[in-house]
Amino acid sequence: MTILLVAFAQPLVHLLLGSGRFDAVSERVTAESLVAYLVFLPLIAPASVIARSVYALGLLRLIVAQSVLVLVAKVGLGLILRDSFQHVGVAAASGVATIIVGAVVLVAALRAARDLRTSAAAEADLATDLPPEPPHAGTPIST
Amino acid sequence: MRPLADIVYRASRDRRATLFVTLLTVISYGVTLLRERANAMAFGTSGDLDAYLVAVSVISLIAITPSRALYEGLILATASRGQRESEAAAATARAAVGVGTLALVAVSVAALAAAPVLVRLIAPDMSSSRILEAEELARSLIPMIIALGVWEIVRGVLHGYHEFFSSSVLPIIAPLVTFVTVTTLNGVLGIHALVLGSLLGTGLQAVVGLVVLVRLGIPLALSRSLFDLRSLRAIQGPATASSILAAVAMLWVSADRFLASSLPEGRIAALNYASSIYAAASVVAITGTATVAFPRLAQSAQAGTAQAFTSLLKRGR
């Protein structure tokens, strides 16, 4: 899908927006920006799943830290890339920042998942150490 | 109904609902692209559109940040079962709308002073004439703060009431009204046609949302109980985290405008068009995968099965 969209970015922009005051220069600049957004799409999709995994683990602080970090990274990278690559650099900064922070968050999520197993294992060990529960009142005792 | 059959029935119903909501979201993005086409035709990649986009970022930031702070808590407080609980949920929803609207009016008054400062912060390198234009447009857009904020509150209540159809259909109203207004009035009003369209669109969306709430059994007639602060005590949620996340989401868009403000005129508009097309493409590519993955990730996290969770995250199965 990404390859198709990147290959046909210019005709797509022309088809969707090309009329009236949207001239050839507008079309070229918009298509270049679109390509810069799109090339990172195959890596942004897994980054989104990683972000969802943090929600699934209920790690609120990590969710907030992740979103602030990705914004700061985007602005920082944008400032670096803007001078050399103009609008293309600005658009690319979003993708690069999302992927870098996504990788960092993946490590944090996997570490949190390991803690999940440790606590689950500890609970299981505790359960085996405890004496068996007495039968509840009214439960027939099998003989 | 047998337990297993019940589970299968509920799973397929949830899948159908997810598909339906995703389809409506895709339609909503389609209508947004229609609005972008009208803007492209009328304004191209002009400095006027750059100024408008900076102004609208300021207004969205002011409106969404405080109102989304209520969102999570509102869902929890209004998601109820049983007659007694639903009366309490309706009272909470009613107070959230009443008190929220009053708060948004106060925020709007404060925005008269804050908006010009924020315009200069978001687009520091834009030419001084464009900054003045953006400040004027931001002042004209101030009523949108109330409309956007009320809509966020309505959305929280709709999700609490499991009204996913309404919450997915209503966001189509604003871009549709803007499309019609810009198409018909841009020759007469210029960039102010876009301002008018945005005001009418978001206003109508909020009003229709309130009508839906009334139809759900939440009375919104003007009386003292509409501003009952005690009913808001039920709203407990991660308000600070929610508002930080909302602010970051708004600043994410503003960051492009901040960075592009030093580039030649029209680049802010070009990045905005590209980002709208990209958003439509990514909603198809990403939302489906992430929507399917999330329940499975949540299930394995809740069950404490790290192996399954890690495998899902690494290999997708």
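Structure report, in brief. These numbers were taken from a predicted model, which means no experiment stands behind them.

On to the overall build of chain A. When its secondary structure is counted, chain A shows 5 helices and 0 strands. Shown N-terminal to C-terminal, the secondary structure of chain A runs as helices and strands in the order α-α-α-α-α. Looking at chain A residue by residue over its 143 residues, the buried ones come to 39%. In chain A, once contacts between residues fewer than 6 apart in sequence are set aside, the share between residues at least 24 apart is 59%. Of the roughly 8100 Å² that chain A leaves accessible, carbon and sulfur atoms contribute 69%.

Along the backbone of chain B there are 11 helices and 0 strands. Mapped in sequence order, the helices and strands of chain B form the string α-α-α-α-α-α-α-α-α-α-α. For chain B, the share of sequence-separated contacts (at least 6 apart) that also reach a separation of at least 24 residues comes to 81%.

On to the pattern of salt bridges. Counted according to the given criterion, the structure contains 10 salt bridges over all chains. For Glu32(A), the salt bridge goes to Arg28(A), with nearest N and O atoms at 3.2 Å. Residue Glu32(A) and its partner Arg28(A) are both found in helix α3 (residues 24–38); the two are separated by 4 residues, about one turn of the helix. With a relative accessible area of 39%, Arg28(A) lands in the partly exposed category. A salt bridge links Arg155(B) to Glu152(B); the shortest N-O distance between them is 3.3 Å. Of this pair, Arg155(B) and Glu152(B) are both found in helix α5 (residues 143–160), 3 residues apart, which corresponds to roughly one turn of the helix. Both residues of the pair, Arg155(B) and Glu152(B), belong to the buried class. Within this structure, Asp48(B), Arg130(B), Glu133(B) and Glu265(B) form a network of salt bridges that share partners.

All right, on to the packing of aromatic side chains then. Within the structure shown, the criterion is met by 2 aromatic pairs over all chains. Plain terms: the ring middles of Phe22(A) and Tyr273(B) are 5.3 Å apart, the flat faces sit at 90° to each other, and that makes the pair edge-to-face. Of the two residues, Phe22(A) sits in the loop between α2 (9–17) and α3 while Tyr273(B) sits in helix α10 (residues 267–302), which places them in two different chains. Here Phe22(A) and Tyr273(B) have matching classes, each one buried.

Definitions and limits used
- Residues numbered from 1 in each chain as written.
- Chains lettered and ligands numbered in written order.
- Predicted model: local features only at pLDDT ≥ 70, side-chain atom pairs only at ≥ 80, totals over all residues.
- Heavy atoms only, no water.
- Helix = DSSP H or I, 4+ residues; strand = E, 2+ residues; numbered from the N terminus.
- Buried < 20%, exposed > 50% of the residue type's maximum accessible area, 1.4 Å probe, protein only.
- Contact = heavy atoms within 4.5 Å.
- Areas by Shrake-Rupley, 256 points an atom, 1.4 Å probe, with all protein chains shown as cover.
- Salt bridge = Lys/Arg side-chain N within 4 Å of Asp/Glu carboxyl O.
- Phe/Tyr/Trp six-rings, centres within 6.5 Å; stacked < 30°, edge-to-face > 60°.

Keep in mind these values describe shape, not function.
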